[in-house]
Amino acid sequence: MICLDPALDEAPAREIAPLTMGAVLRAQRAGAQILDTRSGEDFAAGHLVGSTHIGLTGRFAWWAKTLLAPDRPIVLVCTPGSQYEVAGLLERAGLRRVMGYLNGGIEALRGLVALVRHPARITSPVLRRRLARGPLFLIDVRDETEWRREAIPGSVNIPLEHLRERLSKVPEGPIVVYCRTGERSSTAASLLEQTGRMNVVDLVGGIEGWKAA
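I will try to describe carefully the structure that is included in this document. In this text the structure is predicted, and so the values were computed from the model without any measurement.

**Here we look at the overall build of the protein**
Part 1 of the reasoning: From N to C terminus, the protein includes nine helices and 12 strands.
Part 2 of the reasoning: Scaling as 2.2 N^0.38, a compact globule of 213 residues should have a C-alpha radius of gyration of about 17 Å, and the protein matches this with 18 Å.
Part 3 of the reasoning: By its C-alpha atoms, the protein is 55 × 40 × 30 Å across when sized along the principal axes.
Part 4 of the reasoning: A gap of 6 Å separates the mean positions of the 27 positive and 23 negative side-chain charges of the protein.

Listed below in structure tokens is the structure:
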């Protein structure tokens, strides 16, 4: 996935275009994928309905290649100024259909019905108190080896890369998703939202926060 050709780094910067709010919404209706690369906290505070959240972290390119369709256009919603970095990483991952980015970032969507606050976020101390009152469906979206090594008791393992194909294993009703630090679980929540699930809760800090608490 790493490209040593500097020309590829420059290409997205020349081609990516700022898009108005209306243009982004029209692109989404026409089938474009909305990729939100902000932090999990910012994503939960407000994002465009139907967005896929992949935080701009060390494995960003791998997750983008795994979860996004290469034959569909991509529109970016990111922290202003990071769009060229994001486009370059996507280019190197083989995702070359970035059509543009939301000009001005998420602030351009403030006040619109299309902007949703989701998923709900829960801290480890609050989750412990909730579990003491009764069972709650927990999904660990880490790799199986990570889950077997250490996990929250009673959790079910559905690795993030297999979540879409295993949706039948996700029951109705409230669920909590978690990973190691909270990045993958936020992505998982965005994928579940795309199926109409709005009862997903993301564990802040993941299992690392759980252990620390």
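**Some thoughts on helix α8 (residues 183-193)**
Part 1 of the reasoning: Counting buried residues along α8, 10 of its 11 residues qualify, which places the element largely inside the surrounding structure.
Part 2 of the reasoning: For α8, every residue scored as buried is listed here: Arg184, Ser185, Ser186, Thr187, Ala188, Ala189, Ser190, Leu191, Leu192 and Glu193.

**Things to note about the pairing of strand β5 (residues 74-77)**
Part 1 of the reasoning: Side chains Ile74 and Leu76 of β5 all project onto a buried face; the interleaved residues Val75 and Val77 project onto the opposite face, where all are buried too.
Part 2 of the reasoning: Here strand β2 (residues 33-36) pairs with β5 via four bridges, running parallel. Each residue of the ladder has a partner; that of Gln33, found in β5, is Ile74.
Part 3 of the reasoning: Where β5 lies against strand β6 (residues 98-102), three bridges are found, and the strand directions are parallel. Counterpart to Leu76 in the pairing with β6 is Tyr101.
Part 4 of the reasoning: On the question of chirality, the crossover connecting β5 to the parallel β6 by way of helix α5 (residues 83-92) is right-handed.

**Notes on the packing of helix α4 (residues 60-67) against α5**
Part 1 of the reasoning: Remark: α4 packs on α5, axes separated minimally by 9 Å, with the N-to-C direction vectors making an angle of 60 degrees. For the element pair α4 / α5, the angle class is oblique. Our pair here, α4 against α5, has a crossing hand that is right-handed. Contact residues: Phe60, Ala61 and Ala64 in α4; Val86, Leu89 and Leu90 in α5.
Part 2 of the reasoning: Residues belonging to the contact of α4 with α5 are distributed by class as follows: six nonpolar, no polar and no charged.

The rules behind these values
- Residues numbered from 1 in each chain as written.
- Predicted model: local features only at pLDDT ≥ 70, side-chain atom pairs only at ≥ 80, totals over all residues.
- Heavy atoms only, no water.
- Helix = DSSP H or I, 4+ residues; strand = E, 2+ residues; numbered from the N terminus.
- Rg over C-alpha atoms; globule rule 2.2 N^0.38 Å.
- Lys, Arg positive; Asp, Glu negative; His and termini not counted.
- Charge placed at Lys NZ, Arg CZ, Asp CG, Glu CD.
- Buried < 20%, exposed > 50% of the residue type's maximum accessible area, 1.4 Å probe, protein only.
- Pairing = 2+ DSSP bridges.
- Right-handed = clockwise from strand over helix to strand, strands pointing away.
- Axes fitted to C-alpha atoms, helices over the stretch in contact; angles between N-to-C directions.
- Parallel < 35°, antiparallel > 145°, perpendicular 65-115°, else oblique.
- Left-handed = near helix turned anticlockwise from the far one by under 90°.
- Contact = heavy atoms within 4.5 Å.
- Nonpolar A, V, L, I, M, F, W, Y, C, P; charged D, E, K, R; others polar.

Function cannot be inferred from these measures alone, as they are strictly geometric.
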